[in-house]
Protein chains: 2
Amino acid sequence: MVTSAAPKASFKEKMLQVREDAIILAVNRLLAEKGFEAMTVDAVAAEVGIAKASLYKHFPSKEDLAAAAMVAVMGRAQAFLDSVPGDVPPLERLRRVVAWTMRAKLDGEMPFLPSQHSGLRRALLGNAQYVAGLANVSARLTGWIAAAQAQGAIHPGFAPNVVLYTLYARACDPVLEFLQMDGVYSDDEIVSLVLATCFNGLAAR
Amino acid sequence: MVTSAAPKASFKEKMLQVREDAIILAVNRLLAEKGFEAMTVDAVAAEVGIAKASLYKHFPSKEDLAAAAMVAVMGRAQAFLDSVPGDVPPLERLRRVVAWTMRAKLDGEMPFLPSQHSGLRRALLGNAQYVAGLANVSARLTGWIAAAQAQGAIHPGFAPNVVLYTLYARACDPVLEFLQMDGVYSDDEIVSLVLATCFNGLAAR
DNA sequence: GTCTATAATCAGATAGAC
DNA sequence: GTCTATCTGATTATAGAC
């Protein structure tokens, strides 16, 4: 695996980076489509158009492939957080993050990892970039949650972690797929509906 | 596989039924613990204490094993629906069903099946008992949802299916595991918290 | 029906030439 | 680094004796 922090990347190194990006893109797509267990390394190699052995020169294991995809997701998430204007109220900021997450899932761009798989857990926790990215995103979201609660916009009875987990869970919410399969809603409508159930609840107000 | 509708079961048939129940129990537990892909037929046989080949005399494939477990779940769900008193208001009835589902998950009794696995889908849809059970549960819940909406207890803007999917999704909500891993909440508190986010939403009221 | 033993297949990972 | 070809182990499923 090539470090992406090379100060002066040569042409060869750039080509390598491009290839690794292609690999990660393929992994991301297959992970979103089939999940970790059902994604085969053969399929990844086929999608990238290289030999399986070449994959293993870049990433030492299937778990590391998935971890690399998650690092990329964390990078995109951080970029999105950066893109939210600072003058937007905290609650609305949280809504936008959830909407962004759900849209990514609807577009088949959200990897789906089993939280039980022990080898995968080790690979993720052993990946400093992933851990740092997740910590950064969590810390920033927790700040927004606290701010929203201070404004009385989020129910104060929920510990910040409860809110955080509930937001994260939208990234693997099967309701999105169910509604998509029903075929009667556009993606925008689905996002809007799940956003409403998530923040306003099922009960009438 | 032995039909459970035998009008006059002999001793031998009863023993067979007991064994199949034991198999289904083991499958249910392993499915809840590891998910479908990570559950091996060897592990099932080992847990039941019989040879793997014997398993295949009862169920022709791994998919059929999972389907049998889901039939059992549907049976338990129908029994629970029956147990809810008729004079309980519809919204409270829905809350109890969700609470029951989440408690089953927290107790490691809720099988986790990948909705993508095509062979599994075929096995499930080819199982008349499962399809009938799912349809029955869905129809009854839909009735309760409509009643709750008629009373103004559930937001009328949600189509019944949206509500139904949202309730079903609690059976595989990762928030439950996250909170359980945090270790600061009892199971009762977890159920109460997720029930609150589900019906009342994250936003303050 | 249950068992032991084995087939058949598939997927993760590697060897070694170029 | 990339390739072809292969190894290794795990897993689903079955044969055949009892």
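The shown structure was predicted, so the numbers you read here are calculated from the model rather than taken from an experiment.

(A) View of helix α2 (residues 41-48) of chain A. All names here are of chain A. Three or more residues of α2 are buried, namely Val41, Val44 and Ala45. Here the buried residues of α2 occupy an arc of 95° about the axis, which is enough to place them on one side. Of the residues one or two after α2, glycine 49 is the one with positive phi, at around 90°.

(B) Focus on the interface of chain A and chain B. Taken residue by residue, the interface counts 42 residues in chain A and 42 residues in chain B. The contact between chain A and chain B buries some 3600 Å² in all, and 64% of this surface belongs to carbon and sulfur atoms. When the area that chain A buries against chain B is broken down by residue, the three leading residues are Phe158, Tyr165 and Leu202 of chain A, summing to 20%. In this structure, the connection of chain A to chain B is made through 0 salt bridges. On inspection of chain A and its partner chain B, the count reaches 22 residue pairs in polar contact (both at pLDDT 80 or more). Elements represented by at least two residues in the side of chain A that touches chain B include exactly α1 (11-34), α8 (160-168), α9 (174-182) and α10 (187-200) of chain A. Residues that form the side of chain A that touches chain B fall into these classes: 24 nonpolar, 10 polar and 8 charged.

(C) Spotlight on the protein's contact with DNA strand C. Close contacts around DNA strand C come from 16 residues, with Tyr56 and Lys62 of chain A together with Ala51, Ser54 and Lys57 of chain B the closest. Take tyrosine 56 of chain A: an N or O atom from its side chain is 2.8 Å from a phosphate oxygen of DNA strand C. In the model, a phosphate oxygen of DNA strand C is placed 2.8 Å from a nitrogen or oxygen of the lysine 62 of chain A side chain. Mapped by element, the contributors of at least two residues to the surface near DNA strand C are α3 (52-58) of chain A together with α1 (11-34) and α3 (52-58) of chain B.

Reading guide: rules and limits
- Residues numbered from 1 in each chain as written.
- Chains lettered and ligands numbered in written order.
- Predicted model: local features only at pLDDT ≥ 70, side-chain atom pairs only at ≥ 80, totals over all residues.
- Heavy atoms only, no water.
- Buried < 20%, exposed > 50% of the residue type's maximum accessible area, 1.4 Å probe, protein only.
- Helix = DSSP H or I, 4+ residues; strand = E, 2+ residues; numbered from the N terminus.
- Arc of directions from axis to C-beta.
- Contact = heavy atoms within 4.5 Å.
- Buried area = accessible area lost by both parts, 1.4 Å probe.
- Salt bridge = Lys/Arg side-chain N within 4 Å of Asp/Glu carboxyl O.
- Polar contact = N/O pair within 3.5 Å; in protein donor to acceptor, adjacent residues only side chain to side chain.
- Nonpolar A, V, L, I, M, F, W, Y, C, P; charged D, E, K, R; others polar.
- Near = heavy atom within 4 Å.

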